[in-house]
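Chain by chain, the residues run as shown.
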Amino acid sequence: MAEQGSQETSTLPPPAGVVPLEARTVKLFGHATLIRLEPSYWEALDEICRREDLTVDELCSDLKDRLDSQSRRSRRVSSVSLSNAVRVFIVGYYRKAATEKGHDRAGHGRGDPFVSTPFDLPPTPKQT
C-alpha cells in the first residue's frame, strides 16, 4: 500500500462494463449496516477514505448523519438510501476535483465520452 498522499496507479485493467453489486457491512455509529455498491464505487470510497484519513465506517456514519439532518430540516422522511447517498457523494467528490488538465489527459472532449471509462471499447481490428 502506498503512503498517505502519494499517487497510486493500478496495474489492473478497469472492469469491462457494469458488474454485479458487492455487499459490505459497515458500522454506522456502532451498528452493522449492509451497503450494496458496484465494485468501482467501493474502490472510489476506499480511495477517498485514504485521502481524507478516515475509515469507511467513519465516512458512512458522517454521511448518514448528514442525510438524516437534511431529512429533519425538510421535515420529510428521506427516500434516499444510504447506498444512493454514497454514490452521489462519490460523484460529487470527484466532480469537485476534476480539472481541465485532468480531462485533457484522460482524452475527454474529443467526441467519445466513453474513453478511459469501463465502457471504453477496444479498437476493432482492421480488416484487410
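Since the model is a prediction, treat every value here as computed from it, not as a measurement.

What counts and what doesn't
What you see as residue numbers is a count from 1 along each chain, following the sequence as written. With pLDDT at 70 or above as the cut-off, local features in this predicted model cover only qualifying residues; side-chain atom pairs require 80 or more to be listed or tallied, and sums for whole chains, interfaces and linings still use all residues. Excluded from the side-chain calculation are hydrogens and water; included are all heavy atoms of the structure. Helix numbers and strand numbers start at the N terminus; a helix is a DSSP run of H or I with at least 4 residues, a strand a run of E with at least 2. The rule is simple: take the accessible area with a 1.4 Å probe, protein chains only, and divide by the maximum for that residue type; under 20% is buried, over 50% is exposed, in between is partly exposed. Contacts between residues were defined by any pair of non-hydrogen atoms, one from each residue, lying within 4.5 Å. A carboxyl oxygen of Asp or Glu within 4 Å of a side-chain nitrogen of Lys or Arg is what we treat as a salt bridge. In these notes, a set of buried Ala, Val, Leu, Ile, Met, Phe, Trp, Tyr and Cys residues joined through side-chain atoms within 4.5 Å is what counts as a nonpolar core. Two strands are counted as paired when DSSP detects at least two bridges linking them. One fewer than the residue count of a helix, multiplied by 1.5 Å, yields its expected span.

**Q** In this structure, what is going on with the environment of aspartate 65? I would like to understand it.
**A** Mapped onto the secondary structure, aspartate 65 falls in helix 2 (residues 56–74). The class for aspartate 65 is partly exposed, based on a relative accessible area of 38%. Taking C-alpha positions, aspartate 65 is 9.5 Å from phenylalanine 29, a pair spaced 36 residues apart along the chain. Filtering out sequence-adjacent residues up to four positions away, aspartate 65 remains in contact with Phe29 and Arg72.

**Q** Looking at this model, I keep getting lost on the pattern of salt bridges. Mind explaining?
**A** Side chains that differ in charge, positive against negative, can pair when their charged atoms come close. Per the stated rule, a full pass over the model turns up six salt bridges. Note that glutamate 22 and arginine 24 form a salt bridge whose closest N and O atoms lie 3.0 Å from each other. By relative accessible area, which is 30% here, glutamate 22 ends up partly exposed. Given the relative accessible area of 29%, arginine 24 is considered partly exposed. Aspartate 62 serves as the salt-bridge partner of arginine 66, at 3.3 Å between the closest nitrogen and oxygen. Here arginine 66 and its partner aspartate 62 are both found in helix 2, four residues apart, which amounts to about one turn of the helix. Judged by relative accessible area, which is 53%, arginine 66 ranks as exposed. Note on aspartate 62: relative accessible area 36%, which makes it partly exposed.

**Q** I would appreciate a short explanation of the nonpolar core in the present structure.
**A** Soluble globular proteins: nonpolar side chains tend toward being buried together. Core analysis: the biggest nonpolar cluster contains 19 residues, and Val26, Ile35, Trp42, Leu45, Val56, Cys60 and Val86 have the highest contact counts within it. When contributions to this core are tallied by element, the ones reaching two or more residues are strand 1 (22–28), strand 2 (31–37), helix 1 (39–52), helix 2 and helix 3 (82–97). In contact with leucine 45, other than residues within four places in its own chain, are Val56, Leu59, Cys60, Val86 and Ile90.

**Q** For this particular structure, what's the right way to read the pairing of strand 1?
**A** The side chains of a regular strand alternate between both faces of the sheet. As paired elements, strand 1 and strand 2 share seven bridges and run antiparallel to each other. Each bridged residue has a counterpart across the sheet, and for threonine 25 the counterpart in strand 2 is leucine 34. The hairpin turn running from strand 1 into strand 2, its antiparallel successor, is two residues long, and phenylalanine 29 in that turn takes a positive phi close to 55°.

**Q** What am I meant to see in helix 2 here?
**A** The first and last C-alpha atoms of helix 2 sit 27 Å apart over 19 residues, in line with the 27 Å expected at 1.5 Å per residue. Regarding helix 2, the residues found buried are Val56, Leu59, Cys60, Ser61, Leu63, Leu67 and Ser71. Phi for arginine 75, located one or two positions after helix 2, is positive at around 60°.

So yeah, pure geometry; function would need other evidence.
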